[in-house]
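# Analysis of the macromolecular model
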Amino acid sequence: MQESFSGGDSCRQLTTAAERRHGPHGGIFVRMFLGFLAITLVTVLLFTFILTASLQAQRQTAYEDEVRAQAREVASYMSHLNQLQFVFESSTMRYVLYSKMQTIQERYNADIWIVSYDNGRLLYQYLDRGGNIVDPTYITSEAVLEQITLIYQGQEIRVQGLFPELGDEIVTIGVPWKYSDGHVVGAVLLHISIEDLRVRFMDVAASLLPAGLGVLILGVVFSFVLARSQTRPLKEITAAVRDFSKGRLDRRVQLKCGGELQALGEEINRMAFELSNMEESRKSFVANVSHELRSPLTSIRGYVQAMRDGAFPEEEREKYMDVVLDETARLTALVRDLLDLSRIESGKFPLNLERIDLCEQMRRSLLSFEQRIDQKHVEVEAELPDTPCWVNADADRIRQVIGNLIDNALKFLPEGGKLGVGVGSAGKRVYAYVEDNGPGIGADDLPFIFDRFYKADKAHTAGMGTGLGLSIVKRILEQHGGSISVSSEPGQTVFRFELAAAPEEKKLPQ
């Protein structure tokens, strides 16, 4: 046993040490912070990748359009010529064309070819990077002829690896060379490496890096604030629950965060309130039981001790023995009521449900109190219909309910008072009432009249009984799915309870 306690102390010390290192919620804060940060990081990276890819595609298209515009500009220089030979015969034209080609070569690392007809056959010749005229070559490749034919139809082309001699990584962009009258007389082909034409992903990503870092920093701050806003309510809830475990049931969770966490805090506060009420009820129950047991036991012991010591005359012994018997009966009734209440509240109070007539139960209960009614000269007014009022209930328990109510009324009726009982039906409900013209119950006491051991100075049960009868009545009726209410004023008190009416029995055909 000692080792078990030692182990518990060790666990407690480890927990305390962990709290000193990380705080009571250090672990969940770190997890939530890292989780939010990871989500933010992934989102930023994904967004940056998509944005970079989109920007890369846009720049790629814009760059190719720029390169294509250079080929169109070369074609526009030659729009007043319909023969390639005229270029070589004009030094001015040759200089202009050469300058343009030099610019294209330097800026884009690209070569320009000019294609024209020669007696119905296609040939191409061009200026090399040194400004020299390359000998014309007739086109024999079917693939090239097919693309040049498209250009002669007024279309523009973009083909990779069109000329094997240039390499598979060369992209050829072709535009039509139109004469001033509008018909196509040739083609301008611009050859550029796919690497020179491509916009690199990292070049675009580098331009977005400052913005990405800024968003990432904002994400870190946002993750920290969000994680802290979520863990702070949890810390408050944990502290409150820890206080509850130490018996501080007056502690309340103070949250203004909204949402599910605040709803959880409100439910915990409601639980603490119920636990506090239960604790007060337990303390009151123990105190009341102790008092109710102590009084008759003290009385019995005193009388028995006195009789044993011969303190009473012989002729009075029987009178005091009757007092002892009355106190014993009082103890027996208290223990019986406590056992009944305990069984009812624990759910170990099975009901033997059957179809019974509530009017008949009321008549039988009245007969059992006939002697007490006669002794007090009580006038009874019974409102019991001739037709049965059927309910599905436990006959013994319902008689216990009616008996407790009648007994309660008789205790406080004055000599020659009036007792009223009745049974009736209203729709699918059957009701019964017990009425008396006693002193009544105070308005301040009415809300608590069905509580265990409740006794007010001016209450119906003041100074008599165990204070459990009405509590047992209410719980028996609740087990039957019924209800009970009370109304009282000086000179009139009415207890009324209701049960569900039993369905009519189906008659078998004769």
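Just so it is clear, the structure is predicted and the values come from calculations on it, not from any experiment.

Cut-off values and rules
Residues numbered from 1 in each chain as written. Predicted model: local features only at pLDDT ≥ 70, side-chain atom pairs only at ≥ 80, totals over all residues. Heavy atoms only, no water. Core = buried A, V, L, I, M, F, W, Y, C linked by side-chain atoms within 4.5 Å. Buried < 20%, exposed > 50% of the residue type's maximum accessible area, 1.4 Å probe, protein only. Helix = DSSP H or I, 4+ residues; strand = E, 2+ residues; numbered from the N terminus. Contact = heavy atoms within 4.5 Å. pLDDT = per-residue confidence, 0-100. Axes fitted to C-alpha atoms, helices over the stretch in contact; angles between N-to-C directions. Parallel < 35°, antiparallel > 145°, perpendicular 65-115°, else oblique. Left-handed = near helix turned anticlockwise from the far one by under 90°. Pairing = 2+ DSSP bridges.

## Thoughts on the nonpolar core
In terms of nonpolar packing, the biggest core is built from 43 residues, with Leu 405, Ile 406, Leu 419 and Phe 497 touching the most fellow members. Examining the composition of this core, we find that 8 residues originate from one element, helix H12 (residues 395-412), more than from any other. Dropping the residues within four chain positions of it, Leu 405 is found in contact with Val 434, Leu 470, Val 473, Ile 484, Phe 495 and Phe 497. By size, the runner-up hydrophobic cluster in this structure holds 25 residues, among which are Leu 81, Val 171, Ile 173 and Leu 197.

## Here we look at helix H13 (residues 469-479)
All of the buried residues along H13 are Leu 470, Ser 471, Ile 472, Val 473, Ile 476 and Leu 477. With its phi angle positive at about 75°, Gly 481 sits one or two positions after the end of H13.

## Some remarks on the confidence of the model for the protein
The pLDDT averaged across the protein works out to 77; a share of 78% of its residues lies at or above 70. Note that residues 1-25 has pLDDT below 50 and, in this model, 8 contacts with residues that lie over four places away or in other chains. The low-confidence segment residues 457-463 (pLDDT under 50) makes 23 contacts with residues lying over four places distant or belonging to another chain.

## Quick word on the packing of helix H10 (residues 358-368) against H12
With their axes 9 Å apart at the nearest point, H10 and H12 run at an angle of 50° to one another. Classed by the angle they form, the pair H10 and H12 counts as oblique. Regarding H10 and H12, the two cross each other, and that crossing is right-handed. Contacts between H10 and H12 involve Leu 358, Gln 361, Met 362, Arg 364, Ser 365 and Leu 366 on the former and, on the latter, Ala 395, Ile 398, Arg 399, Ile 402, Gly 403 and Ile 406.

## Some remarks on the pairing of strand S5 (residues 170-178)
Judged by how many residues are buried, S5 sits mostly within the fold: 8 of 9 residues are covered. In this structure, strand S4 (residues 157-160) lies alongside S5, joined through 4 bridges in antiparallel fashion. Counted as the bridge partner of Ile 157 is Gly 174 from S5. Across 9 bridges, S5 lies against strand S6 (residues 184-193) in antiparallel orientation. Paired with Lys 178 across the strands is Val 184, a residue of S6.

## Quick word on the sheet that holds strand S11 (residues 429-436)
Read from one edge of the open sheet, 5 strands run S8-S10-S11-S13-S12, paired in mixed fashion. Only two strands of the sheet have a single neighbouring strand rather than two, namely strand S8 (379-383) and strand S12 (483-489). Each neighbouring strand pair of the sheet contributes to a mean axis angle of 10°, computed without reference to strand direction. As judged from the 7 bridges shared by S12 and strand S13 (residues 492-500), these two strands associate in the antiparallel manner. Looking across to S13, one finds that Ser 487 is bridged to Val 494. Seen against the sheet, H10 touches S8, strand S10 (418-426), S11 and S13 and runs at an angle of roughly 165° to S10.

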